[in-house]
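# Report on the structure
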Amino acid sequence: MEHGETLAWLREEDEASLQELWTRADSARREHVGDEVHLRGLVEIGNCCRRTCAYCGLNAGNSKIMRYRMSEDEILAAVGQAVSYGYGTVVLQSGEDPALDAAAVSRLIKRIKSETNLAITLSLGEWEDDILAQWKQAGADRYLLRFETSDPELFEKIHPSLPGVRSDRLALLRRLRGMGYEIGSGVMVGIPGQTYEMLARDLATIRDLDLDMIGLGPFLFHPDTAMGHGDIPFAQEGEQVPNTELMTYKTLALARIVCPEANIPSTTALATLNRESGRELGLQRGANVVMPNVTPVNYRSLYQIYPGKACLNETADVCNLCMKGRIESIGRKIGIGRGDSPRYLSAACGR
């Protein structure tokens, strides 16, 4: 898809015209990844973070939240629930914990691999190459690291670098692929300062990275962040991308078209904007994955990147039944097995 066409779709508001985009995206999804919807059990293992990101409620400067780290036994109990529900993947997610013990993470990965058949996705932030390689060697399968925006100036505003270390997530994603990981990344839609041109370039970056997993969601304000305080200005009128449900669907659909073999979740953030049918509409406009939460309820309310998150007080049992019911209600099938991306599998066959 050419840059001009991407821009035109991002700006399109006509409902009848957008139906063509939804149809194209859903057809690409059906042709390349099929009708199965794969479920990934999400475990939010801790909310401690060394970063001061302008959009995230877990940022190191937020003194209003109670910090936690799940024990290994608590994590394994949550993983056990994912197994009991028939999920093929567990996603271990946390803030970029300054006290993270790389060896302990390796031991945890090895235990999960020795006791289950699950694929393991890590979403733990930016770490040194030797640590990331150690986790891959321990048995981790996938790494999720959203680049948020491909615009360097905006990225530095919303994701300030650590002292003496400048972030380059695009380069890190390429190195992760070289280590053998399935790589996942994506952007926020409607970040203050994000223009339509920037978002079109983000989609080109997603295409150029040829991602295995694509995570897209609307930017949602958190009051205890720099963005919540209004410290990051909006783009000029007519150029600022809105953080709406519709804009998120458009971006999701375009991501499916430019990376047809990727796994793309219909996110909790979409469900937060539209609790009645946000997930289903995402699945009908290009997505093929959902991520039911198996984090213990007592920790869920403490893991708030943004406030008012959907499913915050649901138990893992309730979340499992709800997700499966939503999938079946739109005529789709529950995925079986790991659900690796076709792009990754075809590349692995060529190695």
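Residues numbered from 1 in each chain as written. Predicted model: local features only at pLDDT ≥ 70, side-chain atom pairs only at ≥ 80, totals over all residues. Heavy atoms only, no water.

## A look at helix α7 (residues 169-178)
Rule in force here: Exposure categories follow from relative accessible area, calculated using a 1.4 Å probe and restricted to protein chains: below 20% of the type maximum is buried, above 50% is exposed, and the middle band is partly exposed. Note on conventions: DSSP H or I runs of at least 4 residues are helices, E runs of at least 2 residues are strands, and numbering of each starts at the N terminus. What the arc describes is the spread of directions from the helix axis to the C-beta atoms. Any two residues whose heavy atoms approach within 4.5 Å are treated as being in contact.
When we look at burial in α7, the residues that qualify are R169, L172, L173 and L176. The buried side chains of α7 occupy one side of the element, clustering within an arc of 105° when seen end-on. For α7, the exposed residues lying more than 90 degrees away from the buried face are R174 and G178. Against α5 (129-138), β4 (142-144), α6 (152-158), β5 (182-189) and α8 (196-209) lie the buried residues of α7. Immediately downstream of α7, the backbone of G180 shows phi near 105°, a positive value.

## Brief notes about the packing of helix α3 (residues 72-84) against helix α4 (residues 102-115)
Put simply, the rule is: Whenever a helix is involved, its axis is fitted only over the stretch in contact; in every case the axis is a line through C-alpha atoms, and angles between N-to-C directions fall within 0 to 180 degrees. Handedness of a crossing is defined here by the sense of rotation of the near helix relative to the far one, left-handed for an anticlockwise turn of less than a right angle and right-handed for a clockwise turn. In this count, Pro and Cys sit with the nonpolar residues alongside Ala, Val, Leu, Ile, Met, Phe, Trp and Tyr, while Asp, Glu, Lys and Arg are called charged and the others, Gly among them, polar.
Two numbers describe how α3 lies on α4: the axes approach to 11 Å, and their chain directions differ by 30°. Note on packing geometry: the crossing formed by α3 with α4 is right-handed. Where α3 abuts α4, its residues E72, D73, I75, L76 and V79 lie against L108, R111 and I112. For the contact of α3 with α4, the per-class residue count stands at five nonpolar, no polar and three charged.

## Quick look at the pattern of salt bridges
Rule in force here: We count a salt bridge whenever a side-chain nitrogen from Lys or Arg sits within 4 Å of a carboxyl oxygen from Asp or Glu.
Under the definition given, this model contains 31 salt bridges. As a salt-bridge pair, E126 and R169 come within 2.8 Å of each other at their nearest N and O atoms. Here E126, found in the loop between β3 (119-123) and α5, pairs with R169, found in helix α7; they are 43 residues apart in sequence, far enough to count as distant. We classify E126 as buried; its relative accessible area is 9%. With relative accessibility at 10%, the residue R169 sits in the buried group.

## With respect to the packing of α4 against α5
Where we set the bar: Comment on the angle field: the value is read as roughly parallel under 35 degrees, roughly antiparallel over 145, roughly perpendicular from 65 to 115, and oblique elsewhere.
The contact between α4 and α5 brings their axes to 8 Å, and the two run at 20°. Comparing the axis directions of α4 and α5 gives the class roughly parallel. Judged by the twist between their axes, the crossing of α4 over α5 is right-handed. Across the interface between the two elements, A102, A103, V105, S106, I109 and K110 of α4 pack against I131, Q134, W135 and A138 of α5. Among the residues forming the contact of α4 with α5, the class breakdown is seven nonpolar, two polar and one charged.

## Quick notes on helix α13 (residues 316-329)
For clarity, the threshold we go by: Residue count minus one, scaled by 1.5 Å, sets the expected span of a helix.
If you check α13, its first and last C-alpha atoms are 20 Å apart, about what 14 residues at 1.5 Å a residue would give, namely 20 Å. Buried within α13 we find A316, C319, N320, M323 and I327. Viewed end-on, α13 has its buried residues packed into an arc of 100°, placing them on one side of the element. In α13, the exposed residues that point more than 90 degrees away from the buried face are L321, E328 and S329. Check the buried side of α13 and you find it contacts β1 (36-46), α3, α11 (278-283), β7 (289-290), α12 (297-300) and β8 (333-334). At the exit of α13 stands G331, carrying a positive phi of roughly 80°.

## Let's talk about the layout of surface pockets
Where we set the bar: Buriedness for pockets is judged along seven lines, at least five of which must meet protein on both sides within 12 Å for an open set on the 1 Å grid over protein atoms alone, while cavities are sets there where a 1.4 Å probe fits but cannot get out, and lining residues have an atom within 4 Å of a point. Grid points are joined across faces, edges and corners, and a volume is the space filled by probe spheres set on the points.
Counted as a void, the largest pocket has a volume near 300 Å³. Every residue lining the largest pocket is counted, 15 residues in all, and those nearest its centre are I45, M70, I75, D101 and V105. Those elements giving two or more residues to the lining of the largest pocket turn out to be β1, α3 and α4. Among the elements that line the lining of the largest pocket, the one with the most residues is α4, at three residues. Of the residues assigned to the lining of the largest pocket, the class counts are eight nonpolar, three polar and four charged.

## Description of the state of the cysteines
Inclusion rule: Here, a disulfide means two cysteine sulfur atoms that sit within 2.5 Å of each other.
Summed over all chains, the structure comprises zero disulfides. The structure places no disulfide on C48, whose sulfur is separated from the nearest cysteine sulfur, that of C49, by 8.9 Å. Residue classification places C48 among the buried positions, given a relative accessible area of 9%. The thiol sulfur of C56 is not disulfide-bonded, and the nearest other cysteine sulfur, from C53, lies at 6.3 Å.

The analysis is restricted to geometry; functional conclusions fall outside its scope.
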